[in-house]
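Notes for the structure review
Residues per chain are reported as follows:
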Amino acid sequence: MKKVCIVGSGIAGLSCAIECAERGMEVILVSPFPSERAQSVLAAGGINAVLSSEGGDSIESHIEDTLKGGCYIAGKESVKGLCEDAPEIIKKLEKLGTVFSTGENGKIAQRAFGGQSYNRTCYCGSATGKQIVTALVMECRRYEGLGLIQRRLWTDFYKALIKDGKCYGSVFFNEARMDLEIIYADYLVMATGGQNALFGKTTGSTLCDGYAQGRLFLQGVELKNAEFIQYHPTTLETQQKMLLVSEAVRGEGGRLYYVEDGKRVYFMEDLYGEKGNLMPRDIVSRTMERTGKEIYLDITFLGKKEILKRIPEVYDLCLKYRGIDISRESIPVSPSVHFFMGGIAVRNNHETNIKNLYAIGECASIYHGANRLGGNSLLAAVHGGRVAAESISEDKSETDVKNFEKDLEEERRKLSTRWASESEFPVVYLEDLVAETLKEDLGIVRDEERLLNGLKDVDYYLSVVEKLKYDKSEMPYLGFSVTGILTLAKVALTCALFRKESRGAHYRSDYPETKEEWQAATIISYDDGKFNVRLDSENVYES
Amino acid sequence: MKVRILRKQSPTAEPYWQEFLYEKKDNRTVAGMLDELNYKDNLKDINGNPAPGIQWECSCLQGMCGGCAMVINGKPALACETFLRDLKGDTVTIEPLKKFFTVADLVVDRSVISENLKKVNACIEEYKLSDKADHEQMYSAAKCLKCGLCLEVCPNYKDGRNFFGALFANDCYLIASRSGTQKEEIMESYDSHFAKGCSKSLSCEDVCPMKIPTLASIARMNRRKL
């Protein structure tokens, strides 16, 4: 029986675990905390699928919208697979118990999201991610009962077991035993989410820090499109985070405006017409920034009754954290880091450049190109899990076992040396410094000077990080993860400096045009201290 | 203001109280306050003694993941949605949830929740289209964070050995309303691990961060039994 170790138990990890178990494989599902804590539960808006051609929609249109939204650097074949699988995914999620919102005819309701030609976003109120997680957790539990899925909590990813271009499992830090341990597996699937720690306050979870991507990069795993970072146009600042004001608000007719000479200026509608508020996220964010004004989102005209029916969670959040009653007043909104289109480079079957090492969900880079459309991330999370499981199940190559015990001892020695001494300098300071740097130098608008400054800062942080001792009163994870996080910051800056054009979420004021010769994914690899960047002009990863 | 925290350095260590001084900010949540206290390279307690960083669990910081459930001034609540302005007096007392095993400081092991659900095979298995009238209640019940606040406050829930608490009742309802194969099995589990032990204090509804109408789930389960 093939043994699959999945790291991360959000929607992508759960989807992959269930699909592997359905195919009779043995799964170890590893995460520090239960699925209910995963960032997936924050995904509010919905999940895209063409469920009917009645209104004129088609799978071809979903494919074209996704490719266009991604500025034509996502692979056509993989996007085709994503969109074709979408109706089947919705059916399956419903059968597993996802409580989708329905229309008066009893059919699953769909609404419009940015960059879409038709209403194709299925949703569960404004808690779509949470409802899907609940359903998947329940199904996962069935396979846990059958002994096919084994969950491991309080366990943090440390590094993958890689030898001669092949993966054999992973080293983890076991928080209960406070020690490193090895889990051997025929296949390792990374489902560790995005990289919020690079930017401090974002719309996402504090648990998604990008450490795994950074660590794997140092182990020879190639990363892709790291310069493409999505700013969600409508977020509301609180003391601790940027609260996402779901795109559903604009999907339900919400209008963006600023005030000039006492009058409202609906700038998105003025620039782009009736559907202006629902332009792709990169365009809305950039346009908002260019106005240099306070921006507001108005949904009051919908009335309290409809607001409470269609977007109750948005109503509750704004009231609870900012005292704003959205049925009576507009919401002050600003763009904030929300999603990372870049991540671990994977082929169409979600395998990385390392044999038997897969990546799915937000930590992988495949479907969204230079900019993701709303409603496509939940879809990609579920689909990626399915594709990886199928590929693993069909893989005919021989699996073998290698002994990594010596490496484990070496890692133990390294960790205990670092952790043995009290430090007066918490590593969290370094994380905050890098977040400040990236917010300043890798923002919505970039240029060479700022990117070089950012690189200088991050290089300095990297030069000191290995000399730091870990604070004994903190979990060791906080200490050992910081090198990976800083590495990933350098990756993002390096890729942004490399791409001398503007495309999707990557806007360079010194290279404002989109250029045909750059219409390909960025690939970055690590070799003996060097960060090597290239364009995937031959579409190596689209196979 | 004074912040009084019940601390424990490791799973096997003895718990102890430690106090800190904090300049109260009305718009800050308890989670924000813990973050601020921790963001120091020389955290000191009220007597000026060096103190180790305060361990607590968080993920979403907006009341949607249940990670930061703890007992604040004697009341089980999520730290990220408890504002300092709403707390009475000059002292805030913070303890870990007491009905679970404390791993360190305010971090508890809540795996008994999923273990119990696993024990009774709480899953839909074969899907049966649900009654349209159930839609709203199912949507509410499926929002359960598995944070454990309802268990903490419940006078009947002890350690989860027999009585599984309100969150279990809601999951039972989610299954009974849609499973073609598990209905009888789940009704039995509901009876033995919830219905028989619940004294209907309904304190679970008061503390639920998602405002799940558990009473409605109970009522619908009772109707199914008949």
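Worth saying up front: this structure is predicted, and the values here are computed from it rather than measured.

All right, on to the overall build of chain A then. Looking only at helices and strands, one finds 15 helices and 24 strands in chain A. Against the 2.2 N^0.38 benchmark of 24 Å for 543 residues, chain A shows a C-alpha radius of gyration of 22 Å, consistent with a compact globule. With respect to the three principal axes, the spread of C-alpha positions in chain A is 70 × 50 × 45 Å. Here chain A, with 543 residues, has 65% of them falling under the buried criterion. The long-range fraction of contacts in chain A, counting pairs at least 24 apart against all pairs at least 6 apart in sequence, stands at 71%. Split by element, the accessible area of chain A, about 19,600 Å² in all, is 48% carbon and sulfur. One way to put it: in chain A the 68 positive side-chain charges average out to a point 2 Å from where the 80 negative ones average out.

A word on a negative patch on the surface. A contiguous patch of negative charge, built from Glu125, Glu126, Glu184, Glu185 and Glu188 of chain B, is present on the exposed surface. As for its placement among the helices and strands, Glu188 of chain B is situated in helix α6 (residues 183–195).

Looking at the element boundaries, Gln39 of chain A is found in the loop between β2 (26–30) and β3 (47–48). Within the local environment of Gln39 of chain A, its side chain forms a polar contact with the side chain of Asn196 of chain A, the two groups lying 2.8 Å apart.

Before going further, it helps to examine the pairing of strand β1 (residues 3–7) of chain A. All names here are of chain A. Counting buried positions along β1 yields 4 of 5 residues, so the element is predominantly enclosed. Two elements, β1 and β2, share 5 bridges in a ladder whose sense is parallel. Looking at β2, one finds that Cys5 is bridged to Ile28. Remark: the β1/helix α1 (residues 11–22)/β2 crossover connection has right-handed handedness.

Attention shifts here to the packing of aromatic side chains. Residues and elements named next belong to chain A. Scanning the model with the defined rule gives 26 aromatic pairs over all chains in all. Each ring, one from Tyr211 and one from Phe480, has its centre 5.7 Å from the other, and the planes form 65°; the classification is edge-to-face. In this pair, Tyr211 is assigned in helix α5 (residues 211–218) and Phe480 in helix α15 (residues 476–498), connecting sequence segments 269 residues apart. For the pair shown, Tyr211 and Phe480 are each scored as buried. An aromatic cluster is built from Phe157, Tyr158, Phe172, Phe173, Tyr211, Tyr477 and Phe480, whose rings are joined through pairwise contacts.

Residue and element names in this part refer to chain B. Split into domains, chain B comes out as domain 1 (2–109) and domain 2 (111–225). For domain 1 and domain 2, the distance between their C-alpha centroids amounts to 29 Å. Contacts between the two partners involve 16 residues from domain 1, matched on the other side by 16 residues from domain 2. A combined buried area of about 1,200 Å² lies between domain 1 and domain 2, and 62% of that area is made up of carbon and sulfur atoms. A per-residue breakdown of the area domain 1 buries against domain 2 is headed by Pro76, Lys99 and Phe100, which together make up 50% of the total. At the junction of domain 1 with domain 2, the criterion picks out 6 residue pairs in polar contact (both at pLDDT 80 or more). Of all the secondary structure elements, the ones that give two or more residues to the side of domain 1 that touches domain 2 are β3 (69–72) and β4 (75–78). A class-by-class count of the residues in the side of domain 1 that touches domain 2 yields 10 nonpolar, 2 polar and 4 charged.

A separate point is the interface of chain B and chain A. Where interface size is quoted, it is often the accessible area lost as the parts come together. Contacts between the two partners involve 54 residues from chain B and, on the opposite side, 49 residues from chain A. For the pair chain B and chain A, the two sides together bury roughly 4,400 Å², of which 53% comes from carbon and sulfur. Of all residues in chain B, Tyr39, Gln62 and Tyr139 of chain B give up the largest surface area on contact with chain A, accounting jointly for 15% of the area buried on that side. Where chain B packs against chain A, one counts 4 salt bridges.

Residue and element names in this part refer to chain A. In this structure, Val382 sits in helix α11 (residues 376–394). Judged by relative accessible area, which is 5%, Val382 ranks as buried. Considered as a pair, Val382 and Asp441 are 59 residues apart in the sequence and their alpha carbons are 33 Å apart. Setting aside its immediate chain neighbours within four residues, Val382 contacts Ile11, Ser15, Ile89 and Leu93.

What follows covers the environment of Ala191 of chain A. Residue and element names in this part refer to chain A. Structurally, Ala191 can be placed in the loop between β10 (187–190) and α5. Separated by 171 residues in the primary sequence, Ala191 and Glu362 place their C-alpha atoms 7.4 Å from one another. With near-sequence residues (within four places) excluded, Ala191 lies in contact with Ile6, Val7, Gly8, Ala12, Gly13, Ile360 and Cys363.

Attention now goes to the nonpolar core. Formed by 235 residues in total, the largest nonpolar core has its most connected members in Ile47, Met190 and Ile326 of chain A together with Ile94 of chain B. Considering each element in turn, this core owes the most residues, 13 residues, to α15 of chain A. Counting residues in each nonpolar core, the second largest holds 7 residues, with Ile73, Phe228, Met341 and Ala370 of chain A among its members.

In this section: the packing of helix α5 (residues 166–176) of chain B against helix α8 (residues 214–225) of chain B. Residue and element names in this part refer to chain B. The geometry of α5 relative to α8 is characterised by a closest axis approach of 9 Å and an angle of 50° between their N-to-C directions. What the angle tells us is that α5 and α8 run oblique. Viewed along their axes, α5 and α8 form a crossing whose handedness is left-handed. Contacts between α5 and α8 pair Ala166, Asn170, Cys172, Tyr173 and Ala176 from the former with Thr214, Ser217, Arg220, Met221 and Arg224 from the latter. Among the residues forming the contact of α5 with α8, the class breakdown is 5 nonpolar, 3 polar and 2 charged.

Residue and element names in this part refer to chain A. Here α5 lies mainly inside the structure; 7 of its 8 residues are buried. Restricting attention to buried positions, one finds in α5 the residues Tyr211, Ala212, Gln213, Gly214, Arg215, Leu216 and Phe217. Backbone geometry just after α5 places Gly220 at a positive phi near 100°.

Attention now moves to helix α3 (residues 76–95) of chain A. All names here are of chain A. Compared with an ideal rise of 1.5 Å per residue, which puts 20 residues at 28 Å, α3 spans 29 Å between its outermost C-alpha atoms and is within 8% of the ideal. Listed as buried for α3 are Ser78, Val79, Leu82, Cys83, Asp85, Ala86, Pro87, Ile89, Ile90, Lys92 and Leu93. On its buried face, α3 is in contact with α1, β3, α2 (59–69), β5 (121–122), α4 (128–145) and α11. Just beyond α3, the residue with positive phi is Gly97, at close to 110°.

Time to look at the domain arrangement of chain A. All names here are of chain A. The domain boundaries assigned to chain A delineate domain 1 (233–337) and domain 2 (405–522). Placing the centre of domain 1 and that of domain 2 at their C-alpha centroids yields a distance of 32 Å. Across the boundary between the two partners, domain 1 contributes 6 residues, which contact 5 residues of domain 2. Carbon and sulfur atoms make up 63% of the area that domain 1 and domain 2 hide from each other, which totals about 470 Å². Applying the counting rule to domain 1 against domain 2 returns 0 salt bridges.

Cut-offs applied
- Residues numbered from 1 in each chain as written.
- Chains lettered and ligands numbered in written order.
- Predicted model: local features only at pLDDT ≥ 70, side-chain atom pairs only at ≥ 80, totals over all residues.
- Heavy atoms only, no water.
- Helix = DSSP H or I, 4+ residues; strand = E, 2+ residues; numbered from the N terminus.
- Rg over C-alpha atoms; globule rule 2.2 N^0.38 Å.
- Buried < 20%, exposed > 50% of the residue type's maximum accessible area, 1.4 Å probe, protein only.
- Contact = heavy atoms within 4.5 Å.
- Areas by Shrake-Rupley, 256 points an atom, 1.4 Å probe, with all protein chains shown as cover.
- Lys, Arg positive; Asp, Glu negative; His and termini not counted.
- Charge placed at Lys NZ, Arg CZ, Asp CG, Glu CD.
- Patch = residues over 30% accessible without salt bridge, like charges linked within 9 Å, V, L, I, M, F, W, Y side chains within 5 Å.
- Salt bridge = Lys/Arg side-chain N within 4 Å of Asp/Glu carboxyl O.
- Polar contact = N/O pair within 3.5 Å; in protein donor to acceptor, adjacent residues only side chain to side chain.
- Pairing = 2+ DSSP bridges.
- Right-handed = clockwise from strand over helix to strand, strands pointing away.
- Phe/Tyr/Trp six-rings, centres within 6.5 Å; stacked < 30°, edge-to-face > 60°.
- Domains from an automatic or database assignment.
- Buried area = accessible area lost by both parts, 1.4 Å probe.
- Nonpolar A, V, L, I, M, F, W, Y, C, P; charged D, E, K, R; others polar.
- Core = buried A, V, L, I, M, F, W, Y, C linked by side-chain atoms within 4.5 Å.
- Axes fitted to C-alpha atoms, helices over the stretch in contact; angles between N-to-C directions.
- Parallel < 35°, antiparallel > 145°, perpendicular 65-115°, else oblique.
- Left-handed = near helix turned anticlockwise from the far one by under 90°.
- Expected span 1.5 Å × (residues − 1).

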